[in-house]
Amino acid sequence: MSDIKLFHFNAGQMHELAGTAVQVEKSLQILFETNLESLLGIRFLASEHTTGSVHGGRIDTLGLDEDDCPVIIEYKRAVNENVINQGLFYLDWLLDHRKEFQWLVLEKLGAEAAKNVDWSAPRLLCIAGDFTKYDEHAVKQIARNIELIRYRRFGDDLLMMELVHTPKVARINLSQSSTNKPSNPQITNDDGNSASDPYWANRMAHKLSQSSSELRDLYEAVHQFLIGLGDDVQVKELKQYTAFKRIKNFTCLQIYPQARTLTAYVRLDPFTVDLKPGFSRDVTSVGHHGTGDLELSLKLMADFEKAQPLFRRAYEGS
């Protein structure tokens, strides 16, 4: 059971709010699906999506996250239910039915979203009132993108979510580079394999290999700082940027070798920040890759030092 306790403070007195898990699984599913984007940064696509008569299953919730990666959400109905194996079965089904998923995205979110679906990091989220030690051990042995989220209800209007397990942080091999760009990185082959995977996997490493030693050192310092903010930080290498996230992205990094600049998009309200020309700006209404309405331009270690309090605020708020 979770060791998190919540207390209500009133008139100098404290009393503990008893945490409960929703007993009826469907009510939990409806609660999350109704608020999927605000809770998890995921756009809702489908509920109880059938995998067909051959597979004979139903995926609890299908979505698309803020990095355009497919997401499967499974809700654990009982402590002894093997929801992880069930989710892995559906994850394999999803990878074998990419075109079906992209058609669903096209119907729900439009052509642009369907074109931008990123298959490099599909996610499986398992949500439950609690997990056993065997659940936590199992996901550590599986080299898949699986997240365990524990929830509790406190009173009538409070919901707590706790990250029990997140995938290991993936690091870039700075010695790698990609010299052959595929002719069409958006196309998914008929066999279900993405033609873009080898290129996109090495894109950041290639940019780093083209950067000055000062810019490489700056990127390494920022990377180390961001993953050092907490054990729950995940790193996702995507087509256009590197995302650092907890439940949601809190910072996205892009590197520009020619401009000798590292750009960070930070999940903070620009109106709460003292904007400085040449360093920080509001991009709420400016199209850009990555999530976050505050743009930071880092060229020197001094810029990184100025950015650190903003990175911390974004992490704590994610």
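Chemist: Would you mind showing me how to read the sheet that holds strand β10 (residues 234–237) here?
Modeler: The strands making up a sheet are joined through hydrogen bonds of the backbone, oriented either antiparallel or parallel. Sheet architecture is open: six strands sit in the order β10-β11-β12-β13-β15-β14, paired in antiparallel fashion. Every interior strand has two partners, whereas the edge strands, β10 and β14 (280–282), have only one. Ignoring strand direction, the axes of neighbouring strands in this sheet form an average angle of 20°. Pairing of strand β13 (residues 261–266) with strand β15 (residues 294–298), which is carried by five bridges, proceeds in the antiparallel orientation. Opposite T263, over in β15, you have S297 as the bridge partner.

Chemist: Is there a simple way to explain the packing of aromatic side chains in this structure?
Modeler: For any pair of aromatic rings, geometry is given as the distance between the ring centres together with the angle between the planes. Per the stated rule, a full pass over the model turns up six aromatic pairs. Taking the centre distance of 6.2 Å and the plane angle of 50° together, the rings of F32 and Y75 count as tilted. Placement of the pair is F32 in helix α1 (residues 25–34) and Y75 in strand β6 (residues 70–75), with a sequence separation of 43 residues. The two residues F32 and Y75 agree in class, both being buried. An angle of 70° between the planes, with centres 5.6 Å apart, marks the rings of F101 and W119 as edge-to-face. With F101 in helix α5 (residues 98–109) and W119 in the loop between α6 (111–115) and β7 (123–128), this pair connects stretches of sequence that are 18 residues apart. Owing to a relative accessible area of 3%, F101 belongs among the buried residues under this scheme. Exposure remark for W119: the relative accessible area of 7% places this residue in the buried category. Among the aromatic residues, those joined into a cluster by ring pairs are F225, F304 and F311.

Chemist: What should I look at first to understand a nonpolar patch on the surface in this one?
Modeler: Residues F7, F9 and M14 make up a contiguous nonpolar surface patch of roughly 370 Å² in combined accessible area. Positionally, F9 belongs in strand β1 (residues 6–10). Accessibility expressed as a relative area gives 55% for F9, which makes it exposed.

Chemist: Would you mind showing me how to read the nonpolar core here?
Modeler: The tendency in soluble globular proteins is for nonpolar side chains to be buried side by side. Of all hydrophobic cores here, the largest spans 31 residues; its most connected members are V222, L226, L262, L296, L298 and F311. Those elements that place two or more of their residues in this core are α9 (203–209), α10 (213–227), β12 (249–256), β13, β15 and α11 (301–317). The leading source of residues in this core is α10, at seven residues. With residues near it in sequence (within four places) discarded, L298 still touches L218, V222, R260, T261, L262, F279, D303, F304, A307 and F311. With 27 residues, the next largest nonpolar core counts I72, I84, L104 and V139 among its residues.

The rules behind each value
Residues numbered from 1 in each chain as written. Predicted model: local features only at pLDDT ≥ 70, side-chain atom pairs only at ≥ 80, totals over all residues. Heavy atoms only, no water. Pairing = 2+ DSSP bridges. Helix = DSSP H or I, 4+ residues; strand = E, 2+ residues; numbered from the N terminus. Axes fitted to C-alpha atoms, helices over the stretch in contact; angles between N-to-C directions. Phe/Tyr/Trp six-rings, centres within 6.5 Å; stacked < 30°, edge-to-face > 60°. Buried < 20%, exposed > 50% of the residue type's maximum accessible area, 1.4 Å probe, protein only. Patch = residues over 30% accessible without salt bridge, like charges linked within 9 Å, V, L, I, M, F, W, Y side chains within 5 Å. Areas by Shrake-Rupley, 256 points an atom, 1.4 Å probe, with all protein chains shown as cover. Salt bridge = Lys/Arg side-chain N within 4 Å of Asp/Glu carboxyl O. Core = buried A, V, L, I, M, F, W, Y, C linked by side-chain atoms within 4.5 Å. Contact = heavy atoms within 4.5 Å.

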